[in-house]
Amino acid sequence: MVARGEIARFWSLESLHMVSSDGGTESTALVDDNGSEEDYSYEDLCQANPRYLQPGGEQLAINELISDGSVVCAEALWDHVTMDDQELGFKAGDVIQVLEASNKDWWWGRNEDKEAWFPASFVRGYIRQCRKHTGMFTVAQLATIFGNIEDIYKFQRKFLKDLEKQYNKEEPHLSEIGSCFLQHQEGFAIYSEYCNNHPGACAELSNLMKQGRYRHFFEACRLLQQMIDIAIDGFLLTPVQKICKYPLQLAELLKYTTPEHSDYNNIKAAYEAMKNVACLINERKRRLESIDKIARWQVSIVGWEGLDILDRSSELIHSGELTKVTRHGKSQQRTFFLFDHQLVSCKKDLLRRDVLYYRGRTDMDDVELVDLEDGRDKDWNLSVKNAFKLVSKSTDEVHLFCARKQEDKVRWLQACEDERRRVREDREMGMEISENQKKLAMLNAQKAGHGKSKGYSGCPVAPPHQNLHPLHQRHVTVPTSVPQQQVFALAEPKRKPSLFWHTFNKLTPFKK
C-alpha cells in the first residue's frame, strides 16, 4: 500500500508510472487534474536529465527518486520463488516498493509486510539486456528484432486497466467489456507495424543464432528471468497471435450472449471492429509484400526520372499496351502501368522488345476519366475507336488513348474506376506505408542488382496485379468451428520443421 499523500512511481519494463493516493497533483504534470495514474516513457525522463541516458542511468534515476523522498515501485515481470528468508518472493504482476537500488543486480524492497532482497533482472526484459550489449547489437538490429513491441506493451497496459474496470468480479455474467474494445479500436492499429516487421525479426534472429555467443546470450537472459522454456522467437510471436485471437474470442462471447444482455450490441460492434483491425493488418502486410516487387520493377526500367514510384503508390492495378494520340493526330504505341495515384508510360526498345524505357507519368488524382464513343471526336476533330480520355482538372491538358479491342478498353475503364475506389478505401482504412519501409524496399531492390546493366539484363516483369474485392467484402469471416490458423492470412511464414516448433505446439500458454 502507498501511504496517503505520498507520490508513488511505478518502475516497470519501459515505463515510469506516477500515482497520488490522495488524488493530488504534482508540478511535473505527470499526474492529471483528477489525480489519476498516467504513463510516461523512460525516454521522457531522460530528456529532462541526459545523465540517465548513460550506462547505469536507470539505476541512477531510481536512486535519485528515492533520495528525493518519492516512493518508487517495481512491477514484477516474472515469478520469483525462493526458500531464502533474505530474498523476497513474489508473483508476476506484483508491485514491489524499491527501498534501495545501489546494487545493479539485487535491490532491497518491500512486498506486503516483508522487506528483503530481490533480483533486479525480474523487472527487466530481453530488450534491455540487449541494449546493454552495444558490441553485440546495433540500434538497427534491435529495431528489426523487437519492432515496436514497447509501444504494444504500453498500449496493452492501458487496455488491460480499462478492461479490468469493466469486469464484474462478483457477477461476471453482468460484465460489460464491449465498450472497452470500441474505445481502443484505433490503438490496436499499432499491431500492424509489429506484424509486418515480424518476418524480418525472424530472419535477423535466425542469422544471429548461427553464432554460439548469441544463442548463449539469449538463453542466459531467459534463465536469468526464469522464463518458461521457449526460445526468444516464440515470445516475439505472441503479439502476432494475440491480435488474431481477439475476433475469435469476441465471436465466442457473442455466441453465448443473449440479445437482451445490456452489452450485446457493444460486443457485436466490438467483434466487427476487431475483424476490421485484422483486415487492416492483413492488407498492410499484403501491401508491404507488393512494394518490394514494385521497387524491383522500377529499378529495371531504363532512364527512370523523377520521384520513386513508391513515393505515392504501393500497388499495381492494371497494365497493358495503348496507343496515345496527340491533338495533331500523331500516335505513339506505349506500355502503361496503372498504380494507385499515377499512370506510368514506358516505351519498348525497337530491337529488344523486352526492354522498357521510361516516358513519363500522369497524376491520377488530378484527372477525370471520359469515355468516348467510336467515330469523330468533336474536340480534336479526329476519328477514334475504342478510345477514352484523361482530362486534367487543374490545366487544359488532355490525354487521349485508344485500345486495340473493345474488351481492352472496357478493362482499362474498369481499372481506372478501381484505382479511384482503392484510393478512397486506403484513406478510409488509414492505409499508409512508412517512409522507412519505402526507402528500405528501394534500397533492397538496388542492392539486388536489378537494372545494373541499364535494363538489358532481362525483361522487367511487372509486379502482379492486385485483384481485391471492395472494402466491405474484405472483412474477415470468423466461423468459430474453423481453427485460428485457417482463418487469418496473417500468420507465421512457413519454415522448415524444427525442434523448436515441435515444442512450441505443445505449450498451453500459446494455445489459449
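These numbers come from a predicted model, not from an experiment.

## A few points about the packing of helix α7 (residues 190-208) against helix α10 (residues 264-300)
Link 1 in the chain: For the pair α7 and α10, interaxial distance at closest approach is 9 Å and the crossing angle is 40 degrees. Here α7 lies oblique to α10, going by the angle between them. Relative to α10, α7 is oriented so that their crossing is right-handed. Contacts from Tyr 191, Ser 192, Cys 195, Asn 196 and Pro 199 in α7 reach Ile 281, Arg 284, Lys 285 and Leu 288 in α10.
Link 2 in the chain: For the contact of α7 with α10, a count of residues per class yields five nonpolar, two polar and two charged.

## A word on the sheet that holds strand β9 (residues 331-339)
Link 1 in the chain: Judged by pairing direction, the sheet is antiparallel, and its seven strands sit side by side in the order β11-β10-β9-β8-β16-β15-β12 without closing on themselves. Taken across any chain shown, the strands that pair with only one partner, and hence form the sheet edges, are β11 (356-363) and β12 (367-371). Across this sheet, the average inter-strand angle for adjacent strands is 35 degrees, counted without regard to direction.
Link 2 in the chain: Where β9 and strand β10 (residues 342-348) come together, five bridges link them in antiparallel fashion. The residue bridging Phe 337 from the neighbouring strand is Val 344, located in β10.
Link 3 in the chain: On top of the sheet, helix α11 (residues 406-429) reaches β8 (316-325), β9, β10, β12 and β15 (387-392); it is set at about 130 degrees to β8, its chief contact.

## Concerning helix α5 (residues 149-166)
Link 1 in the chain: A rise of 1.5 Å per residue sets the reference length of α5, with its 18 residues, at 26 Å; its end C-alpha atoms lie 25 Å apart and thus fit the reference within 8%.
Link 2 in the chain: Of the positions making up α5, those classed as buried are Glu 150, Ile 152, Tyr 153, Phe 155, Gln 156, Arg 157, Phe 159 and Asp 162.

## Notes on the confidence of the model for the protein
Link 1 in the chain: Looking at the protein, the pLDDT average stands at 76 and 73% of residues meet or exceed 70.
Link 2 in the chain: By mean pLDDT, the top-scoring element of the protein is β10 (95), and the lowest-scoring one is strand β2 (residues 15-20) (33).
Link 3 in the chain: Counted against residues more than four places away or in other chains, residues 468-512, with its pLDDT under 50, gives 83 contacts.

## Some details on the nonpolar core
Link 1 in the chain: Ranked by internal contacts, the top residues of the largest apolar core, which has 39 residues, are Phe 137, Phe 181, Phe 188, Ile 243 and Met 274.
Link 2 in the chain: Elements supplying a minimum of two residues to this core: α4 (139-146), α5, α6 (178-184), α7, α8 (212-224), α9 (232-255) and α10.
Link 3 in the chain: Considering each element in turn, this core owes the most residues, 10 residues, to α9.
Link 4 in the chain: In this view, Phe 181 contacts Phe 159, Leu 163, Phe 188, Tyr 246, Leu 250, Ala 270 and Met 274; residues no more than four positions away in its chain are not counted.
Link 5 in the chain: Val 299, Phe 339, Tyr 358 and Ala 445 belong to the second-largest nonpolar core, a separate cluster that totals 21 residues.

About the criteria used
- Residues numbered from 1 in each chain as written.
- Predicted model: local features only at pLDDT ≥ 70, side-chain atom pairs only at ≥ 80, totals over all residues.
- Heavy atoms only, no water.
- Axes fitted to C-alpha atoms, helices over the stretch in contact; angles between N-to-C directions.
- Helix = DSSP H or I, 4+ residues; strand = E, 2+ residues; numbered from the N terminus.
- Parallel < 35°, antiparallel > 145°, perpendicular 65-115°, else oblique.
- Left-handed = near helix turned anticlockwise from the far one by under 90°.
- Contact = heavy atoms within 4.5 Å.
- Nonpolar A, V, L, I, M, F, W, Y, C, P; charged D, E, K, R; others polar.
- Pairing = 2+ DSSP bridges.
- Expected span 1.5 Å × (residues − 1).
- Buried < 20%, exposed > 50% of the residue type's maximum accessible area, 1.4 Å probe, protein only.
- pLDDT = per-residue confidence, 0-100.
- Core = buried A, V, L, I, M, F, W, Y, C linked by side-chain atoms within 4.5 Å.

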